[in-house]
Amino acid sequence: MELLRFTTAGSIDDGKSTLTGRLLYDTGNIKDDVLESVSKVGNTINLAHITDGLRSERAGGITIDIGYRYFKTNNRKYIISDAPGHFQYTKNMVTGASNVDVMIILVDARNGITSQTRLHSLVASFLRTRYVVVAINKMDALAYAEDVFESTRIEYRSIAEKLQLRDVIFIPISALHGDNVSAHSENMPWYNGPDLLSFLEQCDTQKTANGPGRLSIQYTAEDESTGRTLYFGKVLSVEIHKGERLTVFPSGNEVLIEKYISGYEELETAKAGENICLELNTNDGVKRGSILAPLTHSPQCTKHLTADICWLDPEIDCDQNKEFILRINTQESICRFRDIEYRINPFSFDKERVAGLKVNEVASVIIETEIPIAYDNYDVCPENARGIIIDPATHNTVAAIMIH
Amino acid sequence: MNYLQELEAEAIYVFREIAAQFKKPVLLFSGGKDSTLLIHLAAKAFYPMSIPFPVMHVDTGHNFEEALRFRDQLVQQKGLKLIVRKVEDSIIKYGIEEPVEKLPSRNVLQSITLMDAIREFGFDACIGSGRRDEEKARAKERFFSVRDKEGKWQPYNQKPELWNIYNGYIDEGENMRVFPISNWTEMDVWQYIRQENIALPSLYFSHERSCIVHNGRLIAVSEYIKIDDEDIRLTENVRYRTVGDMTCTAAIKSDARTIDEVIREIETSNISERGETRIDDQLSDAAMEDRKLQGYF
Ligand SMILES: Nc1nc2c(ncn2[C@@H]2O[C@H](COP(=O)(O)OP(=O)(O)O)[C@@H](O)[C@H]2O)c(=O)[nH]1
C-alpha cells in the first residue's frame, strides 16, 4: 500500500476544514467518540470542527498552524496537512505543503479566485508541487451551475500557465453536502471528470528519480568494536553500488564503498530513498554534508548559487549585509545574499526589481556561500536542490530556497 | 516504497539527524508500545553501532509492574544505558501536596521531574514517541519542536519545517523535543510491530485482571487508587490499548491474545485510541494542550 500526502489550501472560509471533515467522514475514518465530541447544528455534525486543534483556534474559529490528519482507504494511506488560510499564516502553509504530492486549492464558487488563491498557487509553483487540484466549492449555493465552474476554470488556466504549474485538475464540489467529494454527484451531470477521492486514489505517487546517483552523508561515528569509521547517509537518487568509485564533494577526493548496510543487512546496491551505512576505503574529506557522486556525473559545486526563494520570517529582512546559514540536505555554510534578481508580483506574477523581501514573498536571489556547496538542479535531484536559510542570531528558519 | 517503508525511512532519517545535530540527546522510554517502537527504530538507524545516547524513564511511581519488567529486559537486551528519575523525589524536594483523589494522577508533575533531569544532565534533545494522530494538540507538532528555557511549547510561534530539512539550532538552556514517529497511526505501529516481530509487555494482550468500574471505564485494582465500598469489582479478560500510569489508563475488554487478533480488534473498533483509554485527556477539551504548554512530553 502506498502513502499519498496532500494539503488543503484556500482563503479563510472557503471550506478547507469542512472538506477534510467530509473526506474523513465519507471514508469511515472518524471514530464515534471523536464524532460525539464535535458540535452539532441541529442533527447535522459540524464537519469543520473535526480538524480544529488548539484552544484559541477553536475559540477564534481560525486555523493558525498546520494540523495533520490521517486516513486510509482500501487502496491508499493518506496524510493531510490542513493549512491555515490567512495571509499572515501563509508561512505555516508552506511548511505543510513542502512534502505533498497534491495541493488542493479551494475556491469559493461565489467569490471566485482571490488573492489567497493566487498566493497559494505561487507557493505550489515555488515548491513544484506535483499536482494542483482546483476544487471549486460551495457549488450548492449556486444551484450547481456549470457556467460558474467554467469561468473560474478559464480564469485559473491563465494563472497555471504563467506559473508553469505541472498538472492542474478542476473539480466542482460541495464539501458541505458531499458532491463530487467521494462519489460522482448527480447534481452536476455536466461534469465528466473524477470526483476528488477517485483522483487521490489514482494519481501517480512515484517520485521521479532519473538523474545520476547521489549519496548524502548525514552522520559519522566510530564503530568501537572494529575501530572503523561508519558513514550514515541517504541515497538521494537512482542507485549507488558497492565497489563503485565515487567523487566526494566538495573535497574532490575519490573513494570506494567497501561495505554497504541498510537496516540489518549487507547490500550490493542501494536505491533512492534508502538510509544506508557505509564503510569507505579512506576517511579523507568525508563528513556530514559530503555528497558522493559517480566519477562521470558531478553535481555543480560552487560558492555562487542562483535560487528561487520564499521568505518566511515576518521580522527579519533579506538584508544583504547580514550573514545567514544555508542548509541544503545536510550541507551547511555561512552565506550572504548578493542580489535580489527579481520578486514575483503575487498578483500579476510579473518579475519586478525590489530592494528587500517581506514575509510570504517569492523571488529569485543570488547567494554567496563561504564554502562550496554541491547541488543539483531540481529536475536532476530534487533533494539536492532545495534548502533553508537560518538566521544565526535567532536560529529561526527565515526562508526556503529551490535551485533552478 | 510501501507506506511502512516510507514511515520507517522517515523515522530513521530523523534519528540520524538527532545524533548529528545534538550533543546530548536522550530517548524517553516508558515501556509502552510507542517508546518500544522508538528503541527498535533507533537500533536499526545506528546498526552496526549501538544506539549513541541513553534512554530515560520519568517514573511516576504508578507503574504497571509488567511495563517496568519489560523496560529493564529491553534495556539489558539492547545494551542501553537507562536513567530513571522519579516524580516521588520531586514531590519530596519541592514539598508538593498531592491531591487526594480517587484516581490520583501524577501526569502534570512529570513535567517538573523531566525539566529537572534535563538540567541535571544537560540534555539538549529529548526524543519522544508522540504521534500527531493521537490527539489534537499533538496534531500540531513539528518533528523538531523547540521548548523554551522553562520547558514551554509555543504553538503559535513554531519554526517553519520544510521537506526533511530539520533545523536543530537552539539557544543555551532551550531544549528540543523530537518526534520521529510523528506520522505513524496506531495501526501503523501495530503493522510494523507485526512485520518486525517486536516484543511488547504482556499488558497489550488479553489477560485476566481485577478491575473497578469508574465512569463506565475499567480501572485496574492497585494500591495507587482509592477503592470505596460502593465500587463494583469485576474480574475480566482485558488488554490495554495504551499504557501510562495505572491511575489514568483504562483497560478494555478483549480476548485478543496475538498481534493479529489485536490488529483485527483495532480495525473494527469504533472508538479512538486515547478516547478509549486515557482518563487524563477526558478532564477537559484542551487537557493535552495545557500539559504541553507546561513542558510535558
Ligand atoms: N453552502 C456551502 N457552505 C459550505 C460548503 N463548505 C463549507 N461551507 C461553509 O463555509 C463556512 C466555512 O467553512 P470552513 O470549512 O470552516 O472553512 P475554512 O476556513 O476554509 O476551514 C462554514 O460555515 C461551512 O459550513 C459548501 O460546500 N457549501
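Residues numbered from 1 in each chain as written. Chains lettered and ligands numbered in written order. Predicted model: local features only at pLDDT ≥ 70, side-chain atom pairs only at ≥ 80, totals over all residues. Heavy atoms only, no water.

1. Details of the domain arrangement of chain A
Inclusion rule: Where a domain begins and ends is set by an automatic assignment or by a domain database.
Along its sequence, chain A is carved into domain 1 (2-202), domain 2 (214-294) and domain 3 (300-403). If you average the C-alpha positions of domain 1 of chain A and of domain 2 of chain A, the two centres end up 41 Å apart.

2. Points about the domain arrangement of chain B
Residues and elements named next belong to chain B. The condition is simple: We call two residues contacting when some pair of their heavy atoms lies within 4.5 Å. As used here, buried area is the combined drop in accessible area, with a 1.4 Å probe, of two parts when they are placed together. Whenever Lys or Arg places a side-chain nitrogen within 4 Å of a carboxyl oxygen from Asp or Glu, that contact is recorded as a salt bridge. Gly is put with the polar residues, along with every residue not named as nonpolar or charged; the nonpolar set is Ala, Val, Leu, Ile, Met, Phe, Trp, Tyr, Cys and Pro, and the charged set is Asp, Glu, Lys and Arg.
Entries for chain B in the domain assignment read domain 1 (3-188 + 285-293) and domain 2 (202-277). Opposite the 23 residues of domain 1 that make contact, domain 2 presents 27 residues. When domain 1 packs against domain 2, close to 2200 Å² is buried across both sides, 57% of that on carbon and sulfur atoms. Counting across the interface, domain 1 meets domain 2 through 4 salt bridges. The partner of Lys-102 in a salt bridge is Asp-231, with the nearest N and O atoms 2.6 Å apart. Its residues placed into classes, the side of domain 1 that touches domain 2 shows 6 nonpolar, 7 polar and 10 charged.

3. Here we look at the sheet that holds strand S4 (residues 125-127) of chain B
All names here are of chain B. So the rule is basically this: At least two DSSP bridges between two strands are required for those strands to pair. In this description a helix means any DSSP run of H or I spanning at least four residues, a strand means any run of E spanning at least two, and both kinds are numbered starting from the N terminus. For every element, the axis is a line fit to its C-alpha atoms; helices are fit only across the contacting stretch, and the angle between N-to-C directions ranges from 0 to 180 degrees.
Taken in spatial order, the 6 strands make up an open sheet running S3-S2-S1-S4-S6-S5, and their pairing is mixed. Among the strands making up the open sheet, the edge pair consists of strand S3 (82-86) and strand S5 (144-147). Taking each pair of neighbouring strands and ignoring which way they run, the sheet shows an average axis angle of 30°. Taken strand by strand, helix H2 (residues 33-46) contacts strand S1 (25-28), strand S2 (55-59) and S4, and its axis lies near 135° from that of S1. Contacts between helix H3 (residues 65-77) and the sheet are confined to S2 and S3, with S3 contributing the most and set at about 150° to the helix.

4. A word on the interface of chain A and chain B
Selection criterion: In protein, a polar contact requires one atom able to donate a hydrogen and another able to accept it; more generally it is a pair of N or O atoms within 3.5 Å, and residues adjacent in sequence count only if both atoms are side-chain atoms.
Across the boundary between the two partners, chain A contributes 68 residues, which contact 61 residues of chain B. When chain A packs against chain B, close to 5800 Å² is buried across both sides, 54% of that on carbon and sulfur atoms. Our count for the chain A to chain B interface comes out at 5 salt bridges. Among the salt bridges present, the one from Lys-77 of chain A reaches Asp-188 of chain B, with a minimum N-O distance of 2.5 Å. At the surface where chain A touches chain B, the tally comes to 26 residue pairs in polar contact (both at pLDDT 80 or more). The leading source of residues in the side of chain A that touches chain B is strand S9 (residues 214-223) of chain A, at 5 residues.

5. A few points about the site of the ligand
Residue and element names in this part refer to chain A. Applied cut-off: When at least one non-hydrogen atom of a residue lies within 4 Å of a molecule or strand, that residue is treated as near it. Areas reported as accessible are Shrake-Rupley estimates using a 1.4 Å probe. Residue values count occlusion only from the protein chains shown.
Not every one of the 15 residues close to the ligand is listed here, only the nearest: Asp-13, Lys-16, Ser-17, Thr-18 and Asp-140. A distance of 3.0 Å separates an oxygen atom of the ligand from a polar atom in the backbone of Gly-15. Thr-18 is positioned such that a nitrogen or oxygen atom in its side chain is 2.4 Å from an oxygen atom of the ligand. Considering the ligand on its own, with 580 Å² of exposed area, one finds that the protein chains cover 75% of that surface. Tallying contributions element by element places helix H1 (residues 16-26) first for the shell around the ligand, with 3 residues. Partitioning the shell around the ligand into residue classes produces 4 nonpolar, 6 polar and 5 charged.

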